[in-house]
Amino acid sequence: MTFEKMIQAMTPDVYASLRRAVELGKWPNGQKLSQEQRETSMRAVIAYEMANLPEEQRTGYIDRTKKDGSQHGKNPLEPQVLKILNEH
């Protein structure tokens, strides 16, 4: 099974279990996750969230909206203009 098919087949219960395992660093049975297991589980959690959850419910979401509806700071996902200065 490919990673993508695994994410598509993942149930909300499996997602919740993986997310909890990553948060605690151990499986529900108490066994510690290896670094590789933690990284793979985190990738699966993030991929599941991207496919199934609205942005504000995803891991790492930061609400940048002020009370007046405007945004704090710049959008970190927008491309930034790079200026190259020549001294000629």
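Residues numbered from 1 in each chain as written. Predicted model: local features only at pLDDT ≥ 70, side-chain atom pairs only at ≥ 80, totals over all residues. Heavy atoms only, no water.

**Notes on the overall build of the chain**
Move 1: Counting its secondary structure elements, the chain contains three helices and zero strands.
Move 2: In the chain, the succession of α and β elements from N to C terminus is α-α-α.
Move 3: What you see for the chain is a C-alpha radius of gyration of 19 Å, clearly larger than the 12 Å of a compact globule of 88 residues, by over 25%.
Move 4: The dimensions of the chain, computed from C-alpha atoms along their principal axes, are 65 × 40 × 25 Å.
Move 5: For the chain, with 88 residues in total, the buried portion stands at 17%.
Move 6: At a minimum sequence separation of 6, the contacts of the chain that also span at least 24 residues come to 39%.
Move 7: On the chain, roughly 7800 Å² of surface is accessible, and the fraction owed to carbon and sulfur atoms is 53%.
Move 8: Separation of charge centres in the chain, based on 13 positive and 12 negative side chains, amounts to 4 Å. (Helix = DSSP H or I, 4+ residues; strand = E, 2+ residues; numbered from the N terminus. Rg over C-alpha atoms; globule rule 2.2 N^0.38 Å. Buried < 20%, exposed > 50% of the residue type's maximum accessible area, 1.4 Å probe, protein only. Contact = heavy atoms within 4.5 Å. Areas by Shrake-Rupley, 256 points an atom, 1.4 Å probe, with all protein chains shown as cover. Lys, Arg positive; Asp, Glu negative; His and termini not counted. Charge placed at Lys NZ, Arg CZ, Asp CG, Glu CD.)

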